[in-house]
Amino acid sequence: GHGTHCAGTIAAENNGFGVVGVAPDAEIISVKVFSDNGQFAYSSGILSAAQECANLGANIISMSLGGPLPNPFELLGYRKLMEEQGVISVAAAGNFGNGLWSFPASYPKVLSVAAVDENKNRASFSQYNRQVDIAAPGVDVFSTLPTEGRCDICESIGDYGYGTISGTSMACPHVAGVLALLRSKFDATPEEYIKAIEEAAEDLGSSGKDREFGHGLIQAHDALMYLEEASSRSDTISIKPDPTSALTDVTTAPIDAMIEVPISPAFISQNQAISCDDNEMLFDFKLVSDNQGSEISWKLEGQSDEGMSLTGSLNKSNEDVHVRTCIPKNCYMFTIINSAGYGEIKGSYSVLIDGVILTDNVGRFGSEDILMFGCVV
């Protein structure tokens, strides 16, 4: 029932009966990811399903699901879907009504969708954080349901065929549907489709992007008009031949900037004693570079609003870096990047947390190497 409801929001036919989807001419490709009882799914299975959809021709992936822990393989997978196959991934921000990050929604190359009610207020259950990109209707959404067979949702709400359900799961397909509608009218890059919905969104809450609504409430018609205007001044946006004419029509604190601390190569803390508070841990990073050291950069990213972010790069080759600093206890992703991408550096790097070696003397990697730590439920 959950999937049928989401699919109806995207593409229910415009046949004068029941409901009409945001993009009624869109084709739905569905791949099962949850267990038979619908209670759980593995992150690897979710990514595999997204890749299968893309291989079958999908351009937009709609994921009304999520979990609390990130996975570096998922992060890379969704990035490749967008950058190598031009596929846009959209996911529900989560239904716990708190500021925690949910995945896959909070990955950089996935659009995180929050839910609003009929009064354009954030739904009480909608998770809020700096990863939220956009908001859409998610309270008492009326859409399609199965007419026969097992349907737990149908039983719980007492309706078959059509019914109302609430959740960021219901907001997510609204955004996926608008993106499908845009793609049916215009040829553009994934980044341009995304920019269109962000620029055309109705700003809610604090001015500009905020934690509760992201860029604001999605506006299908305005996004179409944005791309139409942009096509007149862009070489990468064009109107598709013979387009159809179907168009679908809390006060919050401003989003905090990510704590981003650039680390100079000259920042050498050596072995001086550092005492961290109980709610902190000691991050210790060493990099021994080679004669291609100027091609190396690195970043440490907290996977929640409370996490710290550190970045650094080398200005010249044959230069060493040693960073030791206290960071808030949190879930982190550490990435070291070789912009040349040819497979190895003659130097090496090590990462220790509170004196515990996570990786030591690593010198061989491709364009990047990723390490995660501190992630617990």
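Residues numbered from 1 in each chain as written. Predicted model: local features only at pLDDT ≥ 70, side-chain atom pairs only at ≥ 80, totals over all residues. Heavy atoms only, no water.

A. Structural detail: the overall build of the protein chain. Of the regular secondary structure elements, the protein chain holds seven helices and 17 strands. Every one of the 377 residues in the protein chain was classed for burial, and the buried ones make up 47%. Surface summary for the protein chain: the accessible area is close to 18100 Å², and the carbon and sulfur share equals 48%. (Helix = DSSP H or I, 4+ residues; strand = E, 2+ residues; numbered from the N terminus. Buried < 20%, exposed > 50% of the residue type's maximum accessible area, 1.4 Å probe, protein only. Areas by Shrake-Rupley, 256 points an atom, 1.4 Å probe, with all protein chains shown as cover.)

B. Structural context of the packing of helix α5 (residues 168–185) against helix α6 (residues 190–200). The N-to-C vectors of α5 and α6 enclose an angle of 120°; their axes lie 10 Å apart at closest approach. On the basis of their axis angle, the class for α5 and α6 is oblique. Like other packed secondary-structure pairs, α5 and α6 cross with a definite hand, here right-handed. Each of Val 175, Val 178, Leu 179, Leu 182 and Arg 183 in α5 lies in contact with α6, whose residues at this interface are Tyr 193, Ala 196 and Ile 197. A breakdown of the residues in the contact of α5 with α6 according to their chemical character gives seven nonpolar, no polar and one charged. (Axes fitted to C-alpha atoms, helices over the stretch in contact; angles between N-to-C directions. Parallel < 35°, antiparallel > 145°, perpendicular 65-115°, else oblique. Left-handed = near helix turned anticlockwise from the far one by under 90°. Contact = heavy atoms within 4.5 Å. Nonpolar A, V, L, I, M, F, W, Y, C, P; charged D, E, K, R; others polar.)

C. Expanded view of unusual backbone geometry. Here the bond from Phe 103 into Pro 104 is cis, since omega is 20°, no more than 30 degrees from zero. Mapping Pro 104 onto the fold places it in the loop between β2 (88–92) and β3 (110–116). Phi is positive for Lys 120, which is not a glycine, with a value near 70°. One can find Lys 120 in the loop between β3 and β4 (132–137). By relative accessible area, Lys 120 is classed as partly exposed at 35%. Positioned with a positive phi, Asp 140 is a non-glycine residue whose angle comes to about 55°. Relative to the helices and strands, Asp 140 is located in the loop between β4 and β5 (141–144). Asp 140 gets classed as exposed once you look at its relative accessible area, which sits at 55%.

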